[in-house]
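Here are the chains, one letter per residue:
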Amino acid sequence: MTTDAVPELGAIRFADDGTLEVYNGIEWVKYEPPADNGYGTLFRGQEPPAAHEPS
Amino acid sequence: MSFEPPTAMSPLDAVPEMRTAARWILGAAAAVGAALLGTSPLAAAGQIHTTGTAVAAYAGLITGLAGVGWAIWYTADALVPPLTTPKSLDTDPRLRDLRAQIANDPPAFYGPFGTSMADLLAAKALHQQVAANLTAALAREQDPGRRSLVQLKLAEAGTAVSAIGGRIQTLLELSHAWCIRTQLRRARLHTLAGAAVAALGVVIFLAATGAESPPTPVPAPSATRTAS
């Protein structure tokens, strides 16, 4: 009896259509890292300077 | 002219100012305590003549000192640096209101990489492993088309790891600063309560030392009589 070895997390392979797939711990998926559009928080120190302050 | 936010700024920039505020509160509590408890015993010197008065005065002083000590204890707590780890954001009770804010808008804090710190850490581990595997694949791949694809994905993986690392770092810094903010806000309330207790102690002390008059000397009978 043979068993398929479970790939390690983050393993890569080329799919039949030439794309690159990655094993995410559950299944093989196309590797498309989400782009961080920078949507985030504004905190002290990042406020724009007041109008009367020299820039 | 457009404003570009400086990227080197951090929530940690607020920490020194919060600590300065805590030091001011500490100094003010100590000064008020010294004024109230330092001068009262001197003013009441010579007013304690019985054991009961001494006990009441002692209780007043202890109460006043406890109030000042209470304020100092909790304010000094804001000067102790908290230990912040990625797990703190999910478990530290001082970060309860921060967790509520994050729950209102997870993408603002976690970006597109999940909805919790655990998601961020898992995503970073995944993309780091993918980047390592891509680097190894690039070394052995000969096909030009596949090489260019690997190079493209390697750059994307590096960008993702960098972005996730930035998110984790910002959340750690925000959590750390938020802990100190919570400690400072709690210190303000405890300082108010401590001041009330200190004032109560002073009142007890003054009431004890002022209620009893010293024994009045009985005037000696006069040896001379006035003519009636």
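Whatever comes next refers back to the structure up there.
Residues numbered from 1 in each chain as written. Chains lettered and ligands numbered in written order. Predicted model: local features only at pLDDT ≥ 70, side-chain atom pairs only at ≥ 80, totals over all residues. Heavy atoms only, no water.

Remarks on the overall build of chain B
In terms of regular secondary structure, chain B is built from seven helices and zero strands. Scanning chain B from its N terminus toward the C terminus, one meets helices and strands in the order α-α-α-α-α-α-α. Within the span of chain B, comprising 228 residues, buried residues form 35% of the whole. In chain B, the proportion of contacts linking residues at least 24 apart, taken out of those at least 6 apart, comes to 81%. Accessible surface, chain B as shown: approximately 13,100 Å² in total, 65% of it carbon and sulfur. (Helix = DSSP H or I, 4+ residues; strand = E, 2+ residues; numbered from the N terminus. Buried < 20%, exposed > 50% of the residue type's maximum accessible area, 1.4 Å probe, protein only. Contact = heavy atoms within 4.5 Å. Areas by Shrake-Rupley, 256 points an atom, 1.4 Å probe, with all protein chains shown as cover.)

With respect to helix α2 (residues 51-77) of chain B
The end-to-end C-alpha separation of α2 of chain B is 38 Å, in line with the 39 Å expected for 27 residues at 1.5 Å each. Inspection of α2 of chain B places T53, A57, G60, G64, G67, V68, A71 and T75 of chain B among the buried residues, and these make up the whole buried set. (Expected span 1.5 Å × (residues − 1).)

Focus: the pairing of strand β2 (residues 20-23) of chain A
Residues and elements named next belong to chain A. Residues L20 and V22 line one face of β2 and the alternating positions E21 and Y23 line the opposite face, and both faces are buried. As paired strands, strand β1 (residues 12-14) and β2 are joined by three bridges and run antiparallel to one another. The partner of R13 across the bridge, within β2, is E21. Counting the residues between successive antiparallel strands, the hairpin from β1 to β2 contains five residues, one of them, G18, with a positive phi of roughly 90°. (Pairing = 2+ DSSP bridges.)

Details of the pattern of salt bridges
For the coordinates displayed, the defined rule picks out eight salt bridges over all chains. Measuring nitrogen to oxygen at the nearest pair gives 3.4 Å for the salt bridge that ties E32 of chain A to K153 of chain B. Separated into two different chains, E32 of chain A in the segment after β3 (28-30) and K153 of chain B in helix α7 (residues 144-211) make up a pair that spans both. Look at E32 of chain A and you get exposed, because its relative accessible area is 54%. By relative accessible area, which is 6% here, K153 of chain B ends up buried. Each of E32 of chain A together with K153 and E156 of chain B takes part in one network of salt bridges that share partners. (Salt bridge = Lys/Arg side-chain N within 4 Å of Asp/Glu carboxyl O.)

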